[in-house]
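An overview of the molecular structure
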Amino acid sequence: MTDERLADGRHGDEGSAGDADYGSIGSGYSRYRQPEPAFADAVRAALGGARTLVNVGAGAGSYEPDHLEVTAVEPSATMRAQRPAGAAPAVDAVAEDLPFGDRAFDAALASFTIHQWRDLRGGLREVRRVARGPVVILTCDPAALERSWLTDYAPQMIATEASRYPRIADVRSGLGGTVTVEQLPIPLACVDGFSEAYYGRPEALLDPGARRANSAWSFVSENAVEAFERTLRADLASGAWDGRYGHLRTQPTFDGSLRLIVGRP
């Protein structure tokens, strides 16, 4: 992958923020990354009685509540183009420089995006500035990523992912105020296809499109990807994967790295 990152953290004309080039990997994102109802319910509950919401790093619109007045912020043209009909228009901006006044919204949302921000503390400071009430963040705890079977099959990807996600303690301190952290169990049939969503469906990650919808794979060498596919295919065919992890195929939920962080002033 060619890194054309500009000084403001964007990738060329396409406008991806942070370290991932969504002009290259984002074209099929909305096919694989649908909002998981269990997570959407948790987000909705955390937003409480908010009426106006800014969704920062909004992507294709996952987890945007349809009962609120939403303003979306998304720097990637590829991702903005995948927003469904009727979704709130998306402003071309980055988390670290939000073009809104102080306390302009009742609440703020950032789902699966803070690991893309060029300046975590600056982005959190901006999101806190424009929200009068809760700041709701859906993210992963890098310290818990090794719980996945992918640690054995794609160690380079897991290491990359862990290096990109900020520590929960850093998110807490960046938000300030009162902060709660909740672990969200991942359902077996999770429709939001981040890597851990396939904890009981390993065959799904043999689909290159499913991997592209997880930006960490774009940083993994081709040799490592080929080794992952070769080893996983062989172990599925021989029964080795099921011998070690087969119980996951019927396990209703998986306690992985997913966290819901809510900061209140």
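Details of the structure are given in the entry above.
Residues numbered from 1 in each chain as written. Predicted model: local features only at pLDDT ≥ 70, side-chain atom pairs only at ≥ 80, totals over all residues. Heavy atoms only, no water.

The next subject is the packing of aromatic side chains. Overall, the coordinates contain eight aromatic pairs when judged by the stated rule. For the ring pair Phe-100 and Phe-105, a centre distance of 5.1 Å and an interplane angle of 90 degrees mean the geometry is edge-to-face. Given the relative accessible area of 7%, Phe-105 is considered buried. Centroid distance Phe-112 to Phe-194: 5.2 Å. Interplanar angle 40 degrees. Geometry classified as tilted. Of this pair, Phe-112 sits in the loop between β6 (107–111) and α5 (120–130) while Phe-194 sits in the loop between β9 (186–187) and α9 (208–212), and the two are 82 residues apart along the sequence. No difference in accessibility class separates Phe-112 from Phe-194, as the two residues are buried. Note that Arg-33 overlies the ring of Phe-112, its terminal NZ or CZ placed 5.0 Å from the centroid. Note that Arg-211 overlies the ring of Trp-217, its terminal NZ or CZ placed 5.7 Å from the centroid. (Phe/Tyr/Trp six-rings, centres within 6.5 Å; stacked < 30°, edge-to-face > 60°. Buried < 20%, exposed > 50% of the residue type's maximum accessible area, 1.4 Å probe, protein only. Helix = DSSP H or I, 4+ residues; strand = E, 2+ residues; numbered from the N terminus. Lys NZ or Arg CZ within 6 Å of the ring centre and 35° of its normal.)

Reading across the sheet, the seven strands line up as β5-β4-β3-β6-β7-β11-β8 and stay open at both edges, with mixed pairing between neighbours. Only two strands of the sheet have a single partner each, and these edge strands are β5 (90–91) and β8 (178–183). Helix-sheet contacts for helix α3 (residues 37–47) involve β3 (52–56), β6, β7 (135–140) and β11 (258–264), and the interaxial angle to β11 is about 10 degrees. Sitting on the sheet, α5 touches β3, β6, β7 and β11, and the angle it makes with β7 is about 150 degrees. (Pairing = 2+ DSSP bridges. Contact = heavy atoms within 4.5 Å. Axes fitted to C-alpha atoms, helices over the stretch in contact; angles between N-to-C directions.)

Here we take up the environment of Phe-39. Secondary-structure assignment places Phe-39 in helix α3. Separated by 24 residues in the primary sequence, Phe-39 and Tyr-63 place their C-alpha atoms 7.9 Å from one another. Setting aside residues no more than four positions away along its own chain, Phe-39 makes contact with Tyr-63, Leu-184, Pro-185, Ile-186, Pro-187, Cys-190, Phe-194 and Leu-258.

With that settled, consider the packing of α5 against helix α8 (residues 168–175). Closest axis-to-axis distance for the α5/α8 pair is 8 Å, and the angle between their directions is 45 degrees. It follows from the interaxial angle that α5 and α8 lie oblique. For the pair α5 and α8, the crossing hand works out as right-handed. For the pair α5 and α8, contact is made by Leu-120, Arg-121, Leu-124 and Arg-128 and by Asp-170, Val-171, Ser-173, Gly-174 and Leu-175, respectively. Along the lines of polarity and charge, the residues of the contact of α5 with α8 split into four nonpolar, two polar and three charged. (Parallel < 35°, antiparallel > 145°, perpendicular 65-115°, else oblique. Left-handed = near helix turned anticlockwise from the far one by under 90°. Nonpolar A, V, L, I, M, F, W, Y, C, P; charged D, E, K, R; others polar.)

Those residues of α8 not exposed but buried are Ile-168, Val-171, Gly-174 and Leu-175. Down the axis, α8 shows its buried residues gathered within 125 degrees of arc, on one side only. Looking one or two places after α8, you find Gly-176, whose phi comes out positive at around 70 degrees. (Arc of directions from axis to C-beta.)

In short, shape yes, function no, at least from these values alone.
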